[in-house]
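Geometric and topological summary
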Amino acid sequence: MIRFLGTRGTLPVSGSRYVKYGGNTPCLTAPVGDDRCIVIDGGTGLFQLNTHQNFKEYHIFLTHLHWDHIAGLPIFTPFYNENKTIFLYLEDKSTLHSKDFLKVLFNPPFFPIPRSMLKATIRINLIRGGHCFQFGNVKITSAEGNHPNGSLMYKIDDGERVTLFATDYEHGTDVDDFLVEFAYKCNNFIFDTTYLPEDYEGNRDGIPKEGWGHSTYVQGAEFAKRAKVENLILYHHNPDYDDVLLDEMNIRAKREFSSVICSRDGMVIR
């Protein structure tokens, strides 16, 4: 079971126009047993896990360190609990000045509580594409995507269903062929559909989005067809797109690929 705690990209939104799909930034979670869970990304949706006190061990896999994917970490209460253990997994790359990026994130004047005041047992693991991790019957495999400054994709296999999480991915490079191979016959393909095609091309606001690191539902449908996946799940919703526009995008996407789900905060897939 995978629960979507945040499906919005770039920055969180709120208000009556965003009730259906929600406004929290990227975060997914999957329990592994009664006291352990897997988390993908640490956006603002992560705060919803604060109410689940039964978990003692968290394995948080970060796609990358852009703000919308880590903004929920400082308000994640298990960091302040000495009885919790948190494993963080992030891409190993030369631009990291320190393995312990929490010293930057939990640091005045950006946040009032310094890294030294965190009480949980914290383990940071630097990983690369191709690494595999096993948690009970759940296997997670990482792969490199295509995004400015880099981003990892994660394939989650519980022995019955396979889900590929490929957010913050821009089409148009040689990585596309690898993505299709990596996604081949997945049950669920969660893909970055931040922009409508006309928005990506700059026809809506006069600003082309090529090189910004995101994609469209049309491209997602093409990948889904080539990879023969079961479901295409639209993800990383543009903060400018309200419920009405996301409804429209969902309808348009179904014309390209029959089995489309427009993700929303709180949604569960199996």
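The structure this text deals with has already been given above.
Read on for a plain summary of the structure. Keep in mind that what you see is a predicted model, and the values were worked out from it rather than measured. (Residues numbered from 1 in each chain as written. Predicted model: local features only at pLDDT ≥ 70, side-chain atom pairs only at ≥ 80, totals over all residues. Heavy atoms only, no water.)

**Topic: the overall build of the protein chain**
Each helix and strand counted, the protein chain has five helices and 14 strands in total. Relative to a compact globule of 270 residues, whose C-alpha radius of gyration would be 18 Å, the protein chain shows 18 Å and is just as compact. Dimensions of the protein chain along its principal axes, counting C-alpha atoms only, are 50 × 40 × 35 Å. For the protein chain, the residues scored as buried account for 56% of the 270 residues in total. Taken as a whole, the protein chain presents about 12000 Å² of accessible surface, with 50% of it coming from carbon and sulfur. (Helix = DSSP H or I, 4+ residues; strand = E, 2+ residues; numbered from the N terminus. Rg over C-alpha atoms; globule rule 2.2 N^0.38 Å. Buried < 20%, exposed > 50% of the residue type's maximum accessible area, 1.4 Å probe, protein only. Areas by Shrake-Rupley, 256 points an atom, 1.4 Å probe, with all protein chains shown as cover.)

**Structural notes on the nonpolar core**
Across soluble globular proteins, nonpolar side chains have a tendency to be buried as a group. The biggest cluster of nonpolar side chains holds 33 residues, and the ones touching the most others in it are L164, L179, F189 and L232. For this core, the secondary-structure elements that each account for two or more residues are β10 (162-166), α2 (175-183), β11 (188-192), α4 (217-227), β12 (231-235), α5 (243-256) and β13 (260-262). The greatest single-element share of this core, amounting to five residues, is contributed by α4. Leaving out residues up to four positions away in the same chain, L164 has contacts with M153, Y154, K155, L179, F182, A183, C186, N188, F189 and I190. With 26 residues, the next largest nonpolar core counts L73, L90, L118 and I124 among its residues. (Core = buried A, V, L, I, M, F, W, Y, C linked by side-chain atoms within 4.5 Å. Contact = heavy atoms within 4.5 Å.)

**So, the sheet that holds β12**
In a beta sheet, neighbouring strands pair by backbone hydrogen bonds and run either parallel or antiparallel. Sheet architecture is open: seven strands sit in the order β7-β8-β9-β10-β11-β12-β13, paired in mixed fashion. Looking at the sheet topology across the chains shown, the edges are occupied by β7 (132-135) and β13. If you compare each strand with its neighbour and ignore which way they point, the axes differ by 20 degrees on average. Taken together, the five bridges between β11 and β12 define a ladder with parallel strand orientation. By the bridge assignment, F189 is partnered in β12 with L232. Strands in contact with α2 are β8 (138-144), β9 (152-157), β10 and β11; relative to β8, the strand with the most contacts, it is inclined by about 170 degrees. (Pairing = 2+ DSSP bridges. Axes fitted to C-alpha atoms, helices over the stretch in contact; angles between N-to-C directions.)

**Considering the pattern of salt bridges**
According to the stated counting rule, one finds 12 salt bridges in the structure shown. Note that R128 is salt-bridged to D92, the shortest N-O span being 3.8 Å. With R128 in the loop between β6 (121-127) and β7 and D92 in the loop between β5 (85-91) and α1 (102-105), this residue pair connects regions lying 36 residues apart in the sequence. The class for R128 is partly exposed, based on a relative accessible area of 42%. Owing to a relative accessible area of 25%, D92 belongs among the partly exposed residues under this scheme. Among the charged side chains, a salt-bridge network with shared partners connects D199, R204, D205 and K209. (Salt bridge = Lys/Arg side-chain N within 4 Å of Asp/Glu carboxyl O.)

**Considering the pairing of β7**
Residue alternation in β7 divides its side chains into a buried set, F133 and F135, and an unburied set, C132 and Q134. Direction of pairing for β7 relative to β8: antiparallel, over a ladder of four bridges. If you follow F135 over to β8, its bridge partner there is V138. Linking β7 to β8, which pair antiparallel, is a turn of two residues; within it G136 sits at a positive phi near 60 degrees.

**Topic: the packing of α2 against α4**
Two elements in contact, α2 and α4, have axes whose closest approach is 8 Å; the angle formed by their N-to-C orientations is 55 degrees. Judged by the angle between their axes, α2 and α4 are oblique. Viewed along their axes, α2 and α4 form a crossing whose handedness is right-handed. Across the interface between the two elements, D176, D177, L179, V180 and A183 from α2 touch F223, R226 and A227 from α4. When the residues that make up the contact of α2 with α4 are grouped by side-chain class, the tally is five nonpolar, no polar and three charged. (Parallel < 35°, antiparallel > 145°, perpendicular 65-115°, else oblique. Left-handed = near helix turned anticlockwise from the far one by under 90°. Nonpolar A, V, L, I, M, F, W, Y, C, P; charged D, E, K, R; others polar.)

**Description of unusual backbone geometry**
The step from P108 to P109 runs through a cis peptide bond, and the omega angle for that step is 5 degrees. Take P109: it is sitting in the loop between α1 and β6. For D41, which is not a glycine, the phi torsion comes out positive at approximately 70 degrees. Inspection of the secondary structure assignment puts D41 in the loop between β3 (36-40) and β4 (57-61). Note on D41: relative accessible area 0%, which makes it buried. In the Ramachandran plot, K185 falls in the positive-phi region, its phi being about 60 degrees despite a non-glycine side chain.

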